[in-house]
Amino acid sequence: MKKEPLLFIVSAPSGAGKTSLCREVVTHVPGLHFSISYTTRPPRQNEINGVDYQFISPGNFRRMIEEGQLVEWAEIYGNFYGTSKTSVEEYRSKGTDIVFDIDPVGARSITEEYSDSVTIFVLPPSYGELKERLIQRGTDDESVIKKRLDRAREEIEQSNWYQYRIVNDDFKSAVKQLKDIIASERLKRKRKIVSQ
Ligand code: 5GP
């Protein structure tokens, strides 16, 4: 039995807990690769190059765009973020499913390029909770937090086209929901192609 690899695209407003959620699921679900994005944003404390992101200069990012190395990219809060085409193709050719932690602009581009995409939007329990989480994270100053909250409002308003929604009010339950979505998508009959 052969299967087409699936692309799980997870988007959420900054601070909704999406990154921890994706990481946790990738650690525990076999056959899943987490797509490591390229970014021009400086690393936060505890972030490791090659694990959290590939941290590169704006010049190198521009070169990747010009050389067509990115399957999608977006400018977010003045920094650039993008996904390597080679990396996606490499895992797809091995039949490995991929999880992407990317914004709605990138999510749209990936779904247009790959029909086997599954889109999931993670919501915070409330705006108040989201603000609290951004403050607690302690990585951004007040003006950046305000920008992130404004963008969150916009992203949530425009999230209706995503196939799934997960409200991250309880981390364990959100992890279970994401795992269930992955398991169910993998079981879909159309995904299973019987080899001749
Ligand atoms: P952060 O700076 O908080 O790590 O991420 C900011 C935003 O960039 C998040 O919404 C995250 O999902 C998005 N992001 C991360 N990597 C990529 C990427 O490769 N492409 C796009 N389009 N967005 C990304």
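Residues numbered from 1 in each chain as written. Predicted model: local features only at pLDDT ≥ 70, side-chain atom pairs only at ≥ 80, totals over all residues. Heavy atoms only, no water.

Here's the deal with the overall build of the chain
Point 1. If you tally the helices and strands in the chain, you get 7 helices and 11 strands.
Point 2. A globule of 196 residues ought to have a C-alpha radius of gyration of about 16 Å, and the chain, at 17 Å, matches this closely.
Point 3. For the chain, buried positions account for 43% of its 196 residues.
Point 4. Counting only carbon and sulfur atoms, one obtains 48% of the accessible surface of the chain, whose full area is about 10700 Å².
Point 5. Measuring between centres, the 30 positive side-chain charges of the chain sit 5 Å from its 29 negative side-chain charges. (Helix = DSSP H or I, 4+ residues; strand = E, 2+ residues; numbered from the N terminus. Rg over C-alpha atoms; globule rule 2.2 N^0.38 Å. Buried < 20%, exposed > 50% of the residue type's maximum accessible area, 1.4 Å probe, protein only. Areas by Shrake-Rupley, 256 points an atom, 1.4 Å probe, with all protein chains shown as cover. Lys, Arg positive; Asp, Glu negative; His and termini not counted. Charge placed at Lys NZ, Arg CZ, Asp CG, Glu CD.)

Re unusual backbone geometry
Point 1. The backbone of Asn 46 shows a phi angle near 80°, a positive value even though the residue is not glycine.
Point 2. Locating Asn 46 in the fold gives a position in the loop between β4 (38-39) and β5 (54-55).
Point 3. For Asn 46, a relative accessible area of 73% puts it in the exposed group.

Describing the site of the ligand
Point 1. Around the ligand sit 18 residues, and of these Lys 18, Arg 41, Tyr 53, Tyr 81 and Asp 103 come closest.
Point 2. Gly 82 places a main-chain nitrogen or oxygen 3.2 Å from an oxygen atom of the ligand.
Point 3. Contributing elements (two or more residues each) for the shell around the ligand: β6 (70-76) and β7 (79-84).
Point 4. Residue composition of the shell around the ligand, grouped by class: 6 nonpolar, 5 polar and 7 charged. (Near = heavy atom within 4 Å. Polar contact = N/O pair within 3.5 Å; in protein donor to acceptor, adjacent residues only side chain to side chain. Nonpolar A, V, L, I, M, F, W, Y, C, P; charged D, E, K, R; others polar.)

So, the pattern of salt bridges
Point 1. Summed over all chains, the structure comprises 12 salt bridges.
Point 2. In this structure, Arg 151 and Glu 155 form a salt bridge, with 2.9 Å as the shortest nitrogen-oxygen distance. With a gap of 4 residues between them, Arg 151 and Glu 155 both fall in helix α6 (residues 142-157), about one helical turn apart.
Point 3. Judged by its relative accessible area of 10%, Glu 155 falls in the buried class. (Salt bridge = Lys/Arg side-chain N within 4 Å of Asp/Glu carboxyl O.)

Thoughts on the sheet that holds β4
Neighbouring strands of a sheet are bound in pairs by backbone hydrogen bonds; such pairs are parallel or else antiparallel.
Point 1. Ordered by their spatial adjacency, 4 strands build an open sheet running β5-β4-β7-β6, and the pairing between neighbours is mixed. In the strand order of this sheet, the two ends are held by β5 and β6, each with one partner.
Point 2. Of the pairings in the sheet, the one linking β4 to β7 comprises 2 bridges and is antiparallel in character. In the sheet register, Tyr 38 faces β7, and the bridge partner there is Gly 82.
Point 3. Seen against the sheet, helix α2 (residues 58-66) touches β4, β6 and β7 and runs at an angle of roughly 140° to β6.
Point 4. Contacts from helix α3 (residues 85-93) reach β6 and β7 within the one sheet, and its direction differs from that of β7 by about 30°. (Pairing = 2+ DSSP bridges. Contact = heavy atoms within 4.5 Å. Axes fitted to C-alpha atoms, helices over the stretch in contact; angles between N-to-C directions.)

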